Amino acid sequence: MEREIGAIVVLYNVTCRDSSTCQALQGLENPVLVIVYDNSTRDMGNRQACRELGWTYLGGEGNRGLSVAYNAAIQCLRDRNWQGLVCLFDDDSAFDENYFRCLREVSGKSPCKIFVPVIVSGEKILSPVELLPGQRVRRFAHQQELESYRGEHLSAINSGMAVDISLFDNYRYDEHIFLDGIDHTFVADMKKRGEQICVIPYRCIHGFSGDQHPPKAEALTRFSIFARDYGYILRNQRSQYWRLVGKRAAHLIIQYRALAFAGVFFRNLRDPGVRRK
């Protein structure tokens, strides 16, 4: 039985016109229900654009984080008694009609409630990954290794993930987590409930932030979010926080020749998981 498909797109300081995700959704032969949550820090004109496209617009109150955006969009669907698969997209996801065609075909035959594509950047497979204890990520070297994996630690990033909305009957994304780790936390929570991930045979190209070199101020802001999120996620695993976040801090200190990254690291070590509201 074919499930309905909807899409949640989270925008950040980009217009619908310039978002590759929104462009792809506008060009679908078989349109899907679209909800846009706007986390932009300034007015990008997206409310009017969504009205013209017949999409639902939410947000527009500054950057409230990914968890808040997902919860609001999912609640909007639930308020309509909508049933089906919800696809989660960044504003720069690169996909086409074949993604939905593949998703429909696989989900129609599978009892799974979580479906993920293969996300690649250059020669790297970014997702799915093997998530080991302490939020340690091991990437698959090539497609054959991924296809042959039979372990219990498969996880995936949000971009392109399709989730049956019934999973949210008694679940919400943890709003203590602003951005980083929200995907792996969700997968881990679902696995505790006995859910499995189904990898669909579709490859999606995605930019990898680890290959970029933003200005120091931007990198410091980005690291502050990373450190705070994992300070909360690993609040009961201090040694793992040292390993994961400390390693990132050391790399950035060397890269930018700035001790400010160390200050962020230690501040979140002392006061993990400060709630953002």
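Residues numbered from 1 in each chain as written. Predicted model: local features only at pLDDT ≥ 70, side-chain atom pairs only at ≥ 80, totals over all residues. Heavy atoms only, no water.

- Taking an unreviewed UniProt entry as the reference, the chain is identified by name as Glycosyltransferase belonging to Candidatus Faecousia excrementigallinarum.

1. Focus on the overall build of the chain
Right, so step 1: Within the chain, the regular secondary structure consists of 9 helices and 11 strands.
Right, so step 2: When the backbone C-alpha atoms are referred to their principal axes, the chain occupies close to 50 × 45 × 35 Å.
Right, so step 3: By residue count, 52% of the 277 residues in the chain fall in the buried class.
Right, so step 4: Long-range contacts, defined here as pairs at least 24 residues apart, represent 74% of the contacts in the chain between residues at least 6 apart.
Right, so step 5: Side chains of the chain carry 36 positive and 32 negative charges; the gap between the two charge centres is 7 Å. (Helix = DSSP H or I, 4+ residues; strand = E, 2+ residues; numbered from the N terminus. Buried < 20%, exposed > 50% of the residue type's maximum accessible area, 1.4 Å probe, protein only. Contact = heavy atoms within 4.5 Å. Lys, Arg positive; Asp, Glu negative; His and termini not counted. Charge placed at Lys NZ, Arg CZ, Asp CG, Glu CD.)

2. A look at helix 9 (residues 260-270)
Right, so step 1: The complete set of buried residues in helix 9 reads F261, A262, V264, F265, N268 and L269. Seen along its axis, helix 9 keeps its buried residues to an arc of 160 degrees; they face one direction.
Right, so step 2: If you follow the buried residues of helix 9, they end up packed against helix 7 (216-233) and helix 8 (238-256). (Arc of directions from axis to C-beta.)

3. Re the packing of aromatic side chains
Right, so step 1: Under the counting rule described, the total for this entry stands at 23 aromatic pairs.
Right, so step 2: Geometrically, the ring pair formed by Y70 and Y173 is tilted, given 5.2 Å between the ring centres and 50 degrees between the ring planes. Here Y173 lies in the loop between strand 10 (162-164) and helix 6 (182-192) and Y70 lies in helix 3 (residues 66-79), a separation of 103 residues in the sequence. For the residue pair Y70 and Y173, the accessibility class agrees, reading buried in each case.
Right, so step 3: With a centroid separation of 5.6 Å and 35 degrees between ring planes, the pair formed by Y256 and F261 is classed as tilted. As far as burial versus exposure is concerned, Y256 and F261 are alike and both buried.
Right, so step 4: Connected via pairs of aromatic rings, a cluster forms that spans Y70, F168, Y171, Y173 and F186.
Right, so step 5: Lying over the aromatic face of Y232, R235 brings its terminal NZ or CZ to 4.0 Å of the ring centre.
Right, so step 6: Its guanidinium or amino end placed over the ring of F226, R248 lies 4.0 Å from that ring's centre, counting from NZ or CZ. (Phe/Tyr/Trp six-rings, centres within 6.5 Å; stacked < 30°, edge-to-face > 60°. Lys NZ or Arg CZ within 6 Å of the ring centre and 35° of its normal.)

4. Some points on the pattern of salt bridges
Side-chain pairing between opposite charges can occur once the charged atoms of the two side chains come close.
Right, so step 1: Tallied over the entire structure, the rule returns 8 salt bridges.
Right, so step 2: Between R3 and D164 there is a salt bridge, with its nearest N and O atoms 3.0 Å apart. Remark: D164 occurs in strand 10 and R3 occurs in the segment before strand 1 (5-11); sequence separation between them is 161 residues.
Right, so step 3: Here R3 falls in the buried class, since its relative accessible area comes to 18%.
Right, so step 4: Note that E105 is salt-bridged to K109, the shortest N-O span being 3.9 Å.
Right, so step 5: According to the relative accessible area criterion, K109 is exposed, its value standing at 68%.
Right, so step 6: Taken together, the shared-partner salt bridges connect E130, R138 and E145 into one network. (Salt bridge = Lys/Arg side-chain N within 4 Å of Asp/Glu carboxyl O.)

5. Regarding the nonpolar core
Right, so step 1: Among the nonpolar cores identified, the biggest contains 58 residues, and F186 and F223 are the most heavily contacted of them.
Right, so step 2: No other element matches the 8 residues that helix 3 contributes to this core.
Right, so step 3: Membership of the second largest hydrophobic core comes to 35 residues, among which are A7, L11, L126 and A162. (Core = buried A, V, L, I, M, F, W, Y, C linked by side-chain atoms within 4.5 Å.)

6. With respect to the pairing of strand 5 (residues 114-121)
Right, so step 1: The element strand 5 is largely enclosed, with a buried count of 8 among its 8 residues.
Right, so step 2: Inspection of the sheet shows strand 5 paired to strand 11 (residues 197-205) by 6 bridges, in the parallel sense. Considered in strand 11, the bridge of F115 is made with C198.
Right, so step 3: Where strand 5 meets strand 6 (residues 124-127), 3 bridges bridge the pair, whose relative direction is antiparallel. Paired with S121 across the two strands is K124, which belongs to strand 6. (Pairing = 2+ DSSP bridges.)

7. As for helix 4 (residues 97-107)
Right, so step 1: Taken together, the buried positions of helix 4 are occupied by E97, Y99, F100, C102, L103, V106 and S107.
Right, so step 2: Lining the buried residues of helix 4 we find strand 1, helix 1 (20-26), strand 4 (85-89), strand 5, strand 10 and strand 11.
Right, so step 3: For helix 4, the side-chain oxygen to backbone nitrogen distance between the N-cap and N98 is 3.0 Å, and the N-cap itself is D96. (Polar contact = N/O pair within 3.5 Å; in protein donor to acceptor, adjacent residues only side chain to side chain.)

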